[in-house]
Amino acid sequence: MKARVYVTLKKSVFDPQGKTIADALHSLGYGGVTDVRQGKFFELELSAPSADQAQKLASEVADKVLANPVIESYRVEVE
Amino acid sequence: MSIKFGVVVFPGSNCDHDAHHAATDVLGQDAEFLWHKDASLKGADVIVLPGGFAHGDYLRTGAIARFSPIMPAILDFARAGGPVLGICNGFQVLLEAGLLPGAMLRNRDLKFHCEHVTVRVEQNDTPFTAAAAKGQRLRLPIAHGEGNYYADAAVIRELEAERRVIFRYCDARGEVTAAANPNGAVNNIAGLCNAARNVVGLMPHPERACEATLGSADGLVLFRSVVMALAHEGAARTA
């Protein structure tokens, strides 16, 4: 089973990389891109008996290791 | 009687020898390197988590080092009141390990800053600032890409109320200004301590500024402080 984990800085935390990318896009004329938030993407191969168990396992490692809950939030998708 | 510094070595540490040199050759104390896979602190009286790029800064700075086999012993040592100093990457490890609150973001301007800065000693009731004066200015080098200290507003309020901000970036006259802040850290925070005040982390490198030959000897006061603090403690125990 596979899980995808998306980690991004929390909305309340300034993202200097996202801001720089947005500024670059604006200078290229992409005014339609109003904001950019940069994040991280992980693909996990899981050995789990059910989708629920996979979700639980991926969420646990995201919370403990992949994301730092002080500054980041995460989202888990299991397929 | 000399005290023993334990300098932790992670794969990617690069200021471990500077810290060892400051403790032994400059201050005449004992020091021993502690490999991250060891589980023993080898009788060290004070622990230094040095600067560098532990595990290549993979995932997040300090994120992998936090799970090193030596960390449980360091957590026990810190909880028992033992003095622990985290310098630069070592500070980032302390944040990831939860020994200090908050986290580091990329520098505000996304640049790696390698330069000398001035910091002001805000409090001298920690083992690493006991020999310094409040308001004393220290000229220290910084070398980091992620030193933009962040904690949410409630944590910052708590840190300030409990006088746990130990070093602040300032200008040459000691004024804390936005222009003197190299990385965007909240409230110009360059270093802080835990609630018990025995664990201190800072982004600048005092171990690289312990001899005039190196451009500044201002960092030596942190090492002298802990020697003094432990000597007092020893004297109190035998009294």
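Residues numbered from 1 in each chain as written. Chains lettered and ligands numbered in written order. Predicted model: local features only at pLDDT ≥ 70, side-chain atom pairs only at ≥ 80, totals over all residues.

Undergrad: Would you mind showing me how to read the interface of chain B and chain A here?
TA: Many structure descriptions define interface size as the accessible area lost when the parts assemble. Taken together, the 9 residues of chain B in the interface contact 7 residues of chain A. Its residues placed into classes, the side of chain B that touches chain A shows 4 nonpolar, 1 polar and 4 charged. (Contact = placed C-beta atoms within 7 Å. Nonpolar A, V, L, I, M, F, W, Y, C, P; charged D, E, K, R; others polar.)

Undergrad: Could you clarify how one ought to interpret the environment of Ala97 of chain B in this entry?
TA: All names here are of chain B. Along the chain, Ala97 turns up in the loop between helix H3 (89-96) and strand S5 (103-105). For Ala97, a count of 21 C-beta atoms within 10 Å puts it in the buried group. As a C-alpha pair, Ala97 and Pro141 span 44 residues in sequence and 25 Å in three-dimensional space. (Helix = DSSP H or I, 4+ residues; strand = E, 2+ residues; numbered from the N terminus. Buried ≥ 20, exposed ≤ 12 C-beta atoms within 10 Å, placed from the backbone.)

Undergrad: In this structure, what is going on with the sheet that holds strand S3 (residues 72-78) of chain A? I would like to understand it.
TA: Residues and elements named next belong to chain A. If you trace the 3 strands from one edge of the open sheet to the other, you get S2-S1-S3, paired in antiparallel fashion. A strand with exactly one partner marks an edge of an open sheet, and here the two such strands are strand S2 (39-45) and S3. Sheet twist, expressed as the average angle between the axes of neighbouring strands with direction ignored, equals 20 degrees. In the sheet, strand S1 (residues 2-9) pairs with S2 via 7 bridges, with the strands oriented antiparallel. Across the sheet, residue Arg4 finds its bridge partner in S2, namely Glu43. Of the strands in this sheet, S1, S2 and S3 are in contact with helix H2 (residues 51-66), which crosses S3 at around 160 degrees. (Pairing = 2+ DSSP bridges. Axes fitted to C-alpha atoms, helices over the stretch in contact; angles between N-to-C directions.)

Undergrad: I keep staring at helix H1 (residues 16-27) of chain A and nothing clicks. Help me out?
TA: Within an α-helix, residues lying three or four positions from one another point in the same direction, as the helix has 3.6 residues per turn. The end-to-end C-alpha separation of H1 of chain A is 16 Å, in line with the 16 Å expected for 12 residues at 1.5 Å each. At the exit of H1 of chain A stands Gly29 of chain A, carrying a positive phi of roughly 95 degrees. (Expected span 1.5 Å × (residues − 1).)

Undergrad: Explanation requested: the pairing of strand S10 (residues 189-193) of chain B in the structure shown.
TA: Look at any regular strand and the pattern is simple: side chains alternate between the two faces of the sheet. Residue and element names in this part refer to chain B. Of all the 5 residues making up S10, 5 are buried; the element is thus mostly covered by neighbouring parts of the structure. Bridge count between strand S9 (residues 165-170) and S10: 3 bridges; the pairing is antiparallel. By the bridge assignment, Arg168 is partnered in S10 with Ile189. One ladder, built from 3 bridges, connects S10 with strand S11 (residues 199-202); its direction is antiparallel. Paired with Cys193 across the bridge in S11 is Val200. Connecting the antiparallel pair S10 and S11 is a turn made up of 5 residues, with Arg197 showing a positive phi of about 70 degrees.

Undergrad: Explanation requested: unusual backbone geometry in the structure shown.
TA: Across the chain, the bulk of peptide bonds are trans and the bulk of non-glycine residues have phi less than zero. Residue and element names in this part refer to chain B. The backbone of Leu110 shows a phi angle near 65 degrees, a positive value even though the residue is not glycine. With respect to the element layout, Leu110 can be found in the loop between S5 and strand S6 (113-121). Not every positive phi belongs to a glycine, and Asn188 is a case in point at roughly 60 degrees. Structurally, the position occupied by Asn188 is in the loop between S9 and S10.

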